[in-house]
Amino acid sequence: MSRQIDAIVKQVIKGSIAEEAGIVPGDIISKINGEKINDILEYKFLTSDEELELEVIKADGEVEYVSIFNEDYEDLGLEFENPLIDKARFCSNKCIFCFIDQLPKDMRKTLYFKDDDSRLSFLQGNYVTLTNMSDSDIDRIIRFRLSPINISVHTTNPELRVKMLGNKEAAGILKQMSKLSAAQITMNCQIVLCRDINDGEQLDRTIADLAAFYPNVHSVSIVPVGLTIHRDHLPVLKPFDKESSLKVISQVEDWQDKLLDEHGSRMVYLADEFYIMASRSIPPAQHYEGFPQIENGVGLIASMREEFDIGINRIKKPIRAENRCISIATGTSAKAFIQSLADELQLRTNGLTVNVFTIKNTYFGDNVTVAGLITGGDIIKQLKGKQLGSELLMPVTMLRSDRDVFLDDVSIYDVEQALGIKVVLVENNGFDFIDKILGLIN
C-alpha cells in the first residue's frame, strides 16, 4: 500500500499568484498538470511551466481545477504544512565518525535525527552520502536538475567506504557520481578525514578519483574528524595533532599545485582547523576561489579577515568610543584570530576596551575547539564573576537555527540573567564584527 502524501497549504503569500487564484490555507494541491506531487522538489519542478492546471482539494472535499498562466515564471506563493511535503529521509549509515552518535544522552530529541536527504542537500546545503538512493532516485535528481548537490564522499575506495559508513550500499559512490557527472550535475564533496584510516595513500586515491570529474565536481573540502568525550562503545579514533596536521597540509598543497596547473582551480580545500592545529597561517582569501564551502568551515577565517580589512580601511581617522568596554566569547581554535582583530580595532579607537575570553568545551571535551559547539552552560560557568563590561558578543554559530538556544538548551536569556549582561550576536563576517564591537549595531 502506497503512503499518503499531501501538499497541505499552510500559508498563501499576500499578493501572490496563488492568492489571486483563490487558493487558501487548508487546501490540498493534489496534482499539477495531471501529475501527482510527491515532494517539494516535484512541486517546484512541475510549477516551472508557463501554463499550469492545479487540482485542488478544498476543505469540504470538493475538487477544483485552477488554471494559471505564469509567463514570468514567478513562485506561486504557497507554503506547506510540511516544508518537504514528504517525510525527510533518515540516514541508514553507521559511520565510525558520526558526530550525532557522540552526543550526550540528555539532549533534545531533534538533535539525534540523522537526515540523509538529497532534497535537503539542494534546498539547505546539507551533505548526503547517496547510500539510500536507487538508480531511479539518481535519475530523478537528473530530471529535476538538482544542482549543486553536496555529497559526503570520505573515500572512493569501495571496501573502505563500506567500512567507514557501516553500509554495504556505500560501495557504489563512483558509479553514482559518474552518472551525475555525465548529466552535468554540479557536485561539492566532503571528506571527513580520520587519522590512519582514510588519509595518506587513501586520500591521494580519493582526490585523484574526484579530480577526474572536474569541473562537475566543483570543490572538495577536507575536514578533521570531530571527537567528543562521549565515545563509549564506539570505534577508537585518533585526533589530529600538530605533526599529523602538517602532513595533511603538505599533501593537499601538492595536490592544489597540480590541480591548479591542470584545471586552473585548486578544487581541494582544507578546513581552517588543520592550519590552526599545525600553527600555520591561514591562506589568503584568493586561495579559496570564491569560498565554495565556507559553510563547512573552509576559508571562514580568510573571508572574515578580508572583510575586516576592507571595513577597517574605511576608517580614515581615530574613532571615539567614550570608554566602551565589552567582551567576546569564542572557542579555543579561533581565540588568537579574534584577539588579533580586537587588538587592531582598539588601536584605532580611543576609549575602547575589548576582552576576549576563550570558552573551553567541557560539555563535549577538549578535542572540540570550534565556537559553533560551545554550550550556554560552559559560557555561564567560565564567565561567572568576570568583569565583562556592558555587552557580551558571541558568534551566531553558537546557537541553533532559531538563534535563541544553545545545544544544551540554555537560552540567551538564561546567559544574560546569569551573567547580568546583554548578549549581542555577531554574524560570521568582518563587517558585522566591526559594527558590533564599536556599538554601531545592536
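Residues numbered from 1 in each chain as written. Predicted model: local features only at pLDDT ≥ 70, side-chain atom pairs only at ≥ 80, totals over all residues. Heavy atoms only, no water.

A. Structural detail: the sheet that holds strand β11 (residues 268–270). The strand order across the open sheet formed by five strands is β7-β8-β9-β10-β11, and the pairing between neighbours is parallel. Edge positions in the open sheet fall to β7 (127–128) and β11, since each of these has one partner strand only. Pairing geometry for strand β9 (residues 187–193) and strand β10 (residues 217–224), over seven bridges, is parallel. Note on β10: the bridge partner recorded for Met 187 is Val 217. The strands that helix α6 (residues 173–182) touches are β8 (149–152), β9 and β10; relative to β9, the one it contacts most, it runs at about 155 degrees. (Pairing = 2+ DSSP bridges. Helix = DSSP H or I, 4+ residues; strand = E, 2+ residues; numbered from the N terminus. Contact = heavy atoms within 4.5 Å. Axes fitted to C-alpha atoms, helices over the stretch in contact; angles between N-to-C directions.)

B. Highlighting the side chain of Arg 161. Mapped onto the elements of the fold, Arg 161 is located in helix α5 (residues 158–165). Relative accessible area serves as the criterion here: at 0%, Arg 161 is assigned to the buried category. Here Val 153 takes part through its backbone oxygen, which lies 2.9 Å from a polar atom of the side chain of Arg 161. Those residues in contact with Arg 161, other than ones at most four positions away along the chain, are Thr 129, Thr 131, Ser 152, Val 153, Thr 155, Gly 166, Ala 170 and Ile 173. (Buried < 20%, exposed > 50% of the residue type's maximum accessible area, 1.4 Å probe, protein only. Polar contact = N/O pair within 3.5 Å; in protein donor to acceptor, adjacent residues only side chain to side chain.)

C. Molecular detail of the nonpolar core. With 82 residues, the main nonpolar core has Ile 29, Leu 54, Met 177 and Ile 222 as its most contacted residues. Excluding residues that lie within four positions of it along the chain, Leu 54 makes contacts with Ile 23, Ile 29, Lys 31, Ile 32, Glu 64, Tyr 65, Val 66, Ile 68 and Leu 76. Ranked by size, the runner-up nonpolar core spans 24 residues in total, among them Ile 315, Ala 342, Leu 352 and Leu 438. (Core = buried A, V, L, I, M, F, W, Y, C linked by side-chain atoms within 4.5 Å.)

D. Representation of helix α7 (residues 201–211). All of the buried residues along α7 are Leu 203, Thr 206, Ile 207, Leu 210 and Ala 211. Projected down its long axis, α7 shows its buried positions confined to an angular sector of 125 degrees, all on one face. Of the surrounding secondary structure, the elements contacted by the buried residues of α7 are α6, β9, β10, α8 (242–263) and β11. (Arc of directions from axis to C-beta.)

E. Unusual backbone geometry, seen in detail. Of note, the amide linkage connecting Ser 147 to Pro 148 takes the cis form, showing an omega dihedral of 5 degrees. The residue after Tyr 214, namely Pro 215, is reached through a cis peptide bond having omega 5 degrees. Within the chain, Asn 33 stands out as a residue other than glycine whose phi angle is a positive 50 degrees. Structurally, Asn 33 is set in the loop between β2 (28–32) and β3 (35–36). Phi is positive for Arg 145, close to 55 degrees, though the residue is something other than glycine. By secondary structure assignment, the location of Arg 145 is in the loop between α4 (135–143) and β8. Accessibility expressed as a relative area gives 41% for Arg 145, which makes it partly exposed.

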